[in-house]
Amino acid sequence: MNFELTNEQKQIKKAVMDFVRGEFKRDVVHDLVQKEEYPRHIWKKSSDLGLPGIAFPESFQGEGMGVLEKVLIAEELCRGDASIGSCLVYAGYGAEILLQFGSYSQKKTWLPKIACSEVLSSVAFFEPGICRLSDIRTVAEKVGNNWVVNGAKSFVINAGLLAGFYIVLCRANSAGPFPEQALNMILIETDHPGVITADGQAKMGLRMLATHDVRLDNVCVPIENLVGNEGQGYRQLMNFFNYSQLAVAAQSVGIAQGAFDRAFAYVKQRKQFGRKIIDFQISQHKLADMATDIEAARLLTYQAAWKADNGGMDARLCAMANLHATRTALAVCDETIQLLGGYGYMLEYEVERFFRDAKTVGLMEGSRHVIKNKIFDTLVGKSNHLRNRLQLKEHP
Ligand SMILES: Cc1cc2nc3c(=O)[nH]c(=O)nc-3n(C[C@H](O)[C@H](O)[C@H](O)COP(=O)(O)OP(=O)(O)OC[C@H]3O[C@@H](n4cnc5c(N)ncnc54)[C@H](O)[C@@H]3O)c2cc1C
């Protein structure tokens, strides 16, 4: 077993750290958070480093890298700031679905634009009030050579002016014997008539990353906008969740490390009762616990990413990395605020923002209980049972 990053991976990490140092200036971050504004200029610059298309093939103007490189980048970005970091991590949200299941024409049209920071993308899966995937109410009806889509989606990030398309999870009228077989993903350009984006919602954390409700009123798109084959939406979704849960794990490791860095710097200079706070053994033990948890979360995340790049995505590991890293980020941020005392609560010291962002990131790709359900299902072979029932093949 070799746990060393390659020289190229170390260089990528260093390049991203330099980028963060140059662009994520404290006053810039503060200003963008206060205004809840998308960091458009930083997103534009990130394409000079190849960040938005890091894992796209070179033929689509990408860098041809793998999942581990994406993880390393997400970690370093969120270590600097999770709000700007998440905006960059999610710039091509859903692009994995196009990469793996999309047609050549869909890839050729959209991936280079994402790689060059011309457009953002998003997924529109979530609907208010639904419980199971089979409850999805957004309906896609085949009419001649078109799909006519009607429904409403919530929490759609990147929605509004900057997103070029959404990948929308829909229920088709035609279905197989199982409800999951009715699910399809359809690419819908955001400027299509009938795509109605509501105002952004105010959030606790990740304030630069807008989330919107989106309504689809008789949206008519060509039949070719279907992603992959009919009835494959469930399989595509399960596959996508592995990537998205891993992205959240990487962001969480970055947030935890960023909070730790700030805690470490603070306790080295703050004096109480004639001693630096770092000289109290209780502070030393807190830091030791934090560092250990972060390293464990990082290792799980890297292992899951490494497996994805070498011989197959492991759904259980992705979920475990997500669970452990999101828990760690929240606990480390909490402890960091404690170590900073009253200053930890003040905007100026940044760590309250890390705490809020850690909480938000941990909710994005499924709540903790749902992630635990997924892990348990893999322990008892339940998800395999469902795969078999739907005659799904494992996708790399
Ligand atoms: C910042 C942000 C951005 C988002 N961006 C997008 C986006 O771009 N596109 C998109 O489609 N969606 C997006 N989402 C939606 C996100 O995927 C959902 O919010 C998330 O999956 C949780 O679902 P929920 O909100 O319905 O919570 P619920 O599932 O209703 O959970 C509520 C509570 O019930 C518990 N619970 C639920 N089911 C079970 C169970 N089976 N057993 C035990 N306990 C359970 C949960 O753990 C939780 O404590 C975003 C969410 C956030 C916060």
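Please read these numbers as outputs of a predicted model, since none were measured by experiment.

Rules of the game
- Residues numbered from 1 in each chain as written.
- Predicted model: local features only at pLDDT ≥ 70, side-chain atom pairs only at ≥ 80, totals over all residues.
- Helix = DSSP H or I, 4+ residues; strand = E, 2+ residues; numbered from the N terminus.
- Rg over C-alpha atoms; globule rule 2.2 N^0.38 Å.
- Buried ≥ 20, exposed ≤ 12 C-beta atoms within 10 Å, placed from the backbone.
- Contact = placed C-beta atoms within 7 Å.
- Near = placed C-beta within 6 Å.
- Nonpolar A, V, L, I, M, F, W, Y, C, P; charged D, E, K, R; others polar.
- Domains from an automatic or database assignment.
- Axes fitted to C-alpha atoms, helices over the stretch in contact; angles between N-to-C directions.
- Parallel < 35°, antiparallel > 145°, perpendicular 65-115°, else oblique.
- Core = buried A, V, L, I, M, F, W, Y, C linked by C-beta atoms within 7 Å.
- Left-handed = near helix turned anticlockwise from the far one by under 90°.
- Expected span 1.5 Å × (residues − 1).
- Pairing = 2+ DSSP bridges.

**Examining the overall build of the protein**
Along the backbone of the protein there are 13 helices and nine strands. Relative to the compact-globule value of 21 Å for 396 residues, the protein shows a C-alpha radius of gyration of 21 Å, a close match. In terms of principal-axis extent, the alpha carbons of the protein reach across some 80 × 45 × 40 Å. Burial status across the protein gives 47% buried among its 396 residues. Of all intrachain contacts in the protein linking residues separated by at least 6 positions in sequence, the fraction that spans at least 24 positions is 75%.

**As for the environment of Phe-101**
Mapped onto the elements of the fold, Phe-101 is located in helix H6 (residues 95-101). Spatially, the C-alpha atoms of Phe-101 and Leu-226 are 9.9 Å apart, while their sequence positions differ by 125 residues. In this structure, Phe-101 is in contact with Val-227, Gly-228, Gln-232 and Gln-236, ignoring residues within four places of it in sequence.

**Digging into the site of the ligand**
Within the structure, the ligand sits among 20 residues, and Phe-125, Phe-126, Phe-155, Ser-367 and His-369 are positioned closest to it. Of all elements in the fold, only strand S1 (120-124), strand S3 (146-157), helix H11 (351-364) and helix H12 (368-379) reach the threshold of two or more residues within the shell around the ligand. Here the shell around the ligand is built from residues that sort into eleven nonpolar, seven polar and two charged. Two domains share the shell around the ligand, each providing at least three of its residues, namely domain 2 (121-231) and domain 3 (234-389).

**Focus on unusual backbone geometry**
Although it is not a glycine, Phe-155 sits at a positive phi angle of roughly 60 degrees. With respect to the element layout, Phe-155 can be found in strand S3. Taking the number of C-beta atoms within 10 Å as the measure of exposure, Phe-155 has 20 and is therefore buried. Residue Asn-218 is not a glycine yet carries a positive backbone phi of 50 degrees. The exposure class assigned to Asn-218 is exposed, which follows from the 10 C-beta atoms found within 10 Å.

**What about the packing of helix H4 (residues 67-80) against helix H9 (residues 281-309)?**
At a closest axis distance of 7 Å, the pairing of H4 and H9 adopts a crossing angle of 150 degrees. Taken together, the axes of H4 and H9 are roughly antiparallel relative to one another. Only Thr-301, Tyr-302, Ala-305, Trp-306, Ala-308 and Asp-309 of H9 make contact with H4, whose side of the interface consists of Val-67, Leu-68 and Val-71. Grouping the constituent residues of the contact of H4 with H9 by class yields seven nonpolar, one polar and one charged.

**Some details on the domain arrangement of the protein**
We note that the domain assignment places domain 1 (7-115), domain 2 (121-231) and domain 3 (234-389) within the protein. On the side of domain 2, 19 residues touch domain 1, which itself brings 26 residues to the contact. At the level of secondary structure, the elements contributing two or more residues to the side of domain 1 that touches domain 2 comprise helix H2 (26-35), helix H5 (82-89), H6 and helix H7 (104-115). Class assignment for the residues of the side of domain 1 that touches domain 2 results in 15 nonpolar, eight polar and three charged.

**Side note on the environment of Lys-276**
Summarising the element assignment, Lys-276 is placed in strand S9 (residues 275-276). If we ignore the near neighbours within four places in the chain, the residues touching Lys-276 are Val-267, Lys-268, Arg-270 and Lys-271.

**Looking at the nonpolar core**
Counting 121 residues, the largest nonpolar core has Tyr-166, Val-168, Ile-186, Ile-188, Leu-246, Ile-255 and Cys-333 as its most contacted members. The leading source of residues in this core is helix H8 (residues 233-269), at 16 residues. With residues up to four places along the chain from it excluded, the contact list for Ile-255 reads Cys-78, Ala-82, Ala-329, Cys-333, Phe-354, Asp-357, Ala-358 and Val-361.

**As for the packing of H8 against H11**
Angle between the axes and distance between the axes: these two values describe a pair of packed helices. Taken N-terminus to C-terminus, the directions of H8 and H11 make an angle of 165 degrees; their axes are 10 Å apart at the nearest point. Relative to H11, H8 is oriented roughly antiparallel. Every pair of crossing elements has a handedness; the one defined by H8 and H11 is left-handed. When H8 is examined against H11, the residues Val-248, Gln-251, Ser-252, Ile-255, Gly-258, Ala-259 and Arg-262 are found in contact with a partner set consisting of Val-351, Phe-354, Asp-357, Ala-358, Val-361, Gly-362 and Met-364. Within the contact of H8 with H11, the residues separate by chemical class into eight nonpolar, four polar and two charged.

**Considering H11**
An ideal rise of 1.5 Å per residue puts 20 Å on 14 residues; H11 measures up with 20 Å between its terminal C-alpha atoms. Within the sequence span of H11, burial applies to Val-351, Arg-353, Phe-354, Phe-355, Asp-357, Ala-358, Val-361, Gly-362 and Met-364. Of the surrounding secondary structure, the elements contacted by the buried residues of H11 are H2, H5, H8 and helix H10 (315-340). In the stretch just after H11, Gly-366 is the one whose phi turns positive, near 110 degrees.

**As for the pairing of S1**
With respect to burial, S1 is a largely interior element, five of its five residues being buried. The two faces of S1 match: Leu-120, Ser-122 and Ala-124 on one face and Ser-121 and Val-123 on the other face are all buried. As defined by bridge partners, S1 adjoins strand S4 (residues 163-172) across five bridges and the pair is classed as parallel. Counted as the bridge partner of Ala-124 is Val-168 from S4.

**Concerning H4**
If you check H4, its first and last C-alpha atoms are 20 Å apart, about what 14 residues at 1.5 Å a residue would give, namely 20 Å. Most of H4 is tucked away: 14 of the 14 residues are buried.

**Considerations on the environment of Ile-282**
Its location among the elements puts Ile-282 in helix H9. A C-alpha to C-alpha distance of 41 Å links Ile-282 and Gln-201, two positions 81 residues apart in sequence.

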